[in-house]
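# A look at the structure
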Amino acid sequence: MTLGKQSFSEPVVPKFSTPTRPPTDPARTMSNSKQQLAYAICDFLSSSIKNGTIKEDDAEGIEVAIQCIGEAFGFDFSDDSVATQLSVKPATLPTIFDVFLKTQRRMSGSQKEAESPEVIKAKAEALKAAGNKLMGSQQYKEAIEKYTEAIAIDGSNAVYYSNRAAAYSQDGDHANAVEDAKRAIEVDPDFSKAYSRMGHAYFCLGSFADAVDAYERGLRLDPGNQSMKQSLVTAKQKLDESGAGKAATSSRGASGAGAGAGAGGLDFGSMLSNPAFMNMASQFMSNPAMSQMLNNPAIAQMAQNLMSNPEELQNLMRNPEMARMAAGLAGSPPPPPPEEK
């Protein structure tokens, strides 16, 4: 059988085709509020076509979308009678959305207003108090974190910088302690305790001339401060011993320690050659309480190591608390004053 030629032509595909769906079922159940929202969307899209917001080239596709939304939510947007049931006019979707945005901004503003200066200060003070507590338990790094959080909330409080300077010093980071003391002074030039912090940090770095200057400036603000007076005398003695203005002083300060120096800038050679220190150590070792403590094998072993190898003292001085105690025995300034409460 011979098949005749058949001609095939490409089907013409319309730009947009209207989907064919069963007619809307009036009995179809649908939340009225959802239908109203869907109708408002269709109304917004239809208005956007009429006012030119939607380009003419896109209008046909939007009209198809309006019909699809109506069928999905059970109404015919082209039926005027539907408008009386579902229209929210005189309100429109844009005006409703505008009210929402204004309400949202108002609520956001209310929340910011709730963060009054008093509330902000209270948060920062709570963090400072937490830092002070950590300082008391010798958790210096954690205390630094708390003071840093307080500063992030309120950077205009010199006490927070000063307290963090104390924490840095107790942790052996005297360079950062100096920087924080300077920041505290920038915030409040009349805050004498910041000069005390700075003097202590400079002393531990071996920068005795800078320590003397800091203590003197602090005493000009607080002439009756006995702690700073004592620290100034000690710093001047160290400056005289080292030779005022010698390059060795600044070199030692830059490295944080000289020959024989240990944690916190302590000169262990001077300590061990100091008769007062050795006499006090002797009395301490002969104390009955000390004898009882040496019954502990671990303590006895540590004492034996110290007696047989004085260099072990440097390892012991890595403990900030022991370093502070030794500093007092060696003639260093007392530790920084307690944190502001």
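Residues numbered from 1 in each chain as written. Predicted model: local features only at pLDDT ≥ 70, side-chain atom pairs only at ≥ 80, totals over all residues. Heavy atoms only, no water.

## Topic: the overall build of the protein
Stated formally: Secondary structure counts use DSSP, requiring at least four H or I residues in a row for a helix and at least two E residues in a row for a strand, with both numbered from the N terminus. Buried means the residue's accessible area, taken with a 1.4 Å probe over protein chains only, is under 20% of the maximum for its type, while exposed means over 50%, and partly exposed covers the values in between. In this analysis, two residues are considered to be in contact whenever any of their non-hydrogen atoms come within 4.5 Å of each other. Per-residue and other accessible areas were derived by the Shrake-Rupley procedure at a 1.4 Å probe size, with only the shown protein chains allowed to occlude residues.
Looking only at helices and strands, the protein has 18 helices and zero strands in total. Across the 341 residues of the protein, 32% fall into the buried class. By sequence separation, contacts in the protein at least 24 residues apart represent 59% of the contacts at least 6 residues apart. Summed over all atoms, the accessible surface of the protein reaches about 20,900 Å², with 55% contributed by carbon and sulfur.

## Some remarks on the state of the cysteines
Worth spelling out the cut-off: Disulfides are defined as pairs of cysteine sulfur atoms found within 2.5 Å of each other.
The tally for this structure, following the rule as stated, stands at zero disulfides. Take C42: it sits in no disulfide, and the sulfur closest to it among the cysteines is that of C68, at 9.7 Å. On the accessibility criterion, C68 (23% relative accessible area) is partly exposed.

## Brief notes about helix α9 (residues 192-205)
Our working rule: Here the expected length of a helix is defined as 1.5 Å per residue gap, with one fewer gap than residues.
The terminal C-alpha atoms of α9 lie 20 Å apart, and with 14 residues this matches the ideal 20 Å at 1.5 Å per residue to within 8%. For α9, the buried fraction is high: 14 of the 14 residues fall into the buried class.

## Observations regarding the confidence of the model for the protein
Parts of the model with low pLDDT should not have their predicted coordinates read in detail. Counted only if it meets this: The predictor reports its confidence for every residue as pLDDT, a score running from 0 up to 100.
Scored by pLDDT, the protein has a mean of 76; 60% of the residues are at 70 or more. Here residues 247-266 is modelled with pLDDT under 50, and outside its nearest four sequence neighbours on either side it reaches 39 contacts, counting other chains as well.

## With respect to the nonpolar core
Generally speaking, soluble globular proteins have nonpolar side chains that are buried together. Here is the rule we go by: For this analysis, a nonpolar core means a set of buried residues of the types Ala, Val, Leu, Ile, Met, Phe, Trp, Tyr and Cys, connected via side-chain atoms within 4.5 Å.
Judged by nonpolar contacts, the single largest core of 41 residues is most densely connected at M135, A143, A167, M198, A211, Y215 and A235. Elements with a minimum of two residues in this core: α5 (117-136), α6 (140-153), α7 (158-170), α8 (174-187), α9, α10 (208-221) and α11 (226-242). Of all the elements, α7 adds the most residues to this core, at eight residues. If we ignore the near neighbours within four places in the chain, the residues touching M198 are A181, K182, I185 and A214. Ranked by size, the runner-up nonpolar core spans nine residues in total, among them A38, I66, V82 and L86.

## Points about the pattern of salt bridges
Here is the rule we go by: The term salt bridge refers to a pairing of a side-chain nitrogen on Lys or Arg with a carboxyl oxygen on Asp or Glu at a separation within 4 Å.
Tallied over the full model, the rule gives seven salt bridges. Put simply, R164, D180 and R183 are held in one network by salt bridges that share partners.

## Quick look at empty space enclosed by the protein
As a reminder, the rule being used: Here a cavity means grid points, on a 1 Å grid over the protein atoms only, where a 1.4 Å probe fits yet cannot get out; a pocket means an open set of points with protein on both sides within 12 Å along at least five of seven lines; lining residues are those with an atom within 4 Å of a point. Grid points are joined across faces, edges and corners, and a volume is the space filled by probe spheres set on the points. Each residue gets one label: Ala, Val, Leu, Ile, Met, Phe, Trp, Tyr, Cys and Pro are nonpolar, Asp, Glu, Lys and Arg are charged, and the others, such as Gly, are polar.
This model, assessed by the stated rule, comprises one cavity of 30 Å³ or more. In this structure, the largest cavity occupies an estimated 40 Å³ of space. Residue lining of the largest cavity: Q36, Y39, A40, D43, L86, S87, V88, K89, A91, T92 and L93, and that is the complete set. With four residues, the top contributor of residues to the lining of the largest cavity is helix α1 (residues 32-50). Considered class by class, the residues forming the lining of the largest cavity number six nonpolar, three polar and two charged.

## Regarding the packing of aromatic side chains
Basically, it comes down to this: The aromatic pairing rule takes the rings of Phe, Tyr and Trp, using the six-membered ring of Trp, and pairs them if the centres are within 6.5 Å, calling planes under 30 degrees apart stacked, those over 60 edge-to-face and the rest tilted.
Under the counting rule described, the total for this entry stands at four aromatic pairs. Both rings, one in Y39 and one in F77, keep their centres 5.1 Å apart while their planes meet at 50 degrees; by these two values the pair is tilted. On the criterion of sequence distance, the pair formed by Y39 in helix α1 and F77 in the loop between α2 (56-72) and α3 (80-86) is long-range, its members being 38 residues apart. Residue classification places Y39 among the buried residues on the basis of a relative accessible area of 7%. Cluster of aromatic residues (ring-pair linked, three or more members): Y39, F75 and F77.

## Observations concerning the environment of L134
Tracing the sequence through the fold places L134 in helix α5. Residues L134 and K146, spaced twelve residues apart in sequence, show a C-alpha to C-alpha distance of 8.8 Å. Ignoring anything within four residues of it in the chain, the contact list for L134 reads Q139, E142, A143 and K146.

## A few points about the packing of α7 against α9
Spelled out, the test is: A fitted line through C-alpha atoms represents every axis, and for helices the fit uses only the stretch in contact; the resulting angles, taken between N-to-C directions, go from 0 to 180 degrees. Angle categories: roughly parallel below 35 degrees, roughly antiparallel above 145, roughly perpendicular from 65 to 115, and oblique for all the rest. Each helix crossing is assigned a hand: it is left-handed if the near helix lies turned anticlockwise from the far helix by less than a right angle, otherwise right-handed if that turn is clockwise.
Taken N-terminus to C-terminus, the directions of α7 and α9 make an angle of 20 degrees; their axes are 10 Å apart at the nearest point. One finds that α7 runs roughly parallel with respect to α9. Note that α7 runs across α9; the crossing there is left-handed. When α7 is examined against α9, the residues S162, N163, A165, A166 and S169 are found in contact with a partner set consisting of K193, A194, R197, H200 and A201. Considered class by class, the residues forming the contact of α7 with α9 number four nonpolar, four polar and two charged.

## A short note on α5
Selection criterion: Relevant arc is that of directions from the helix axis to the C-beta atoms, nothing else.
When the terminal C-alpha atoms of α5 are compared, their 29 Å separation across 20 residues agrees well with the 28 Å that a helix rising 1.5 Å per residue should span. The set of residues buried in α5 consists of A124, L127, K128, G131, N132, L134 and M135. Down the axis of α5, the smallest arc covering the buried residues is 160 degrees, so these residues share one side. Among the exposed residues of α5, those pointing more than 90 degrees away from its buried face are E118, K133 and G136. In the core, the buried residues of α5 are packed alongside α6 and α7.

## Some words on the side chain of S46
Tracing the sequence through the fold places S46 in helix α1. For S46, the contacting residues outside a window of four places in its chain are I66 and F77.

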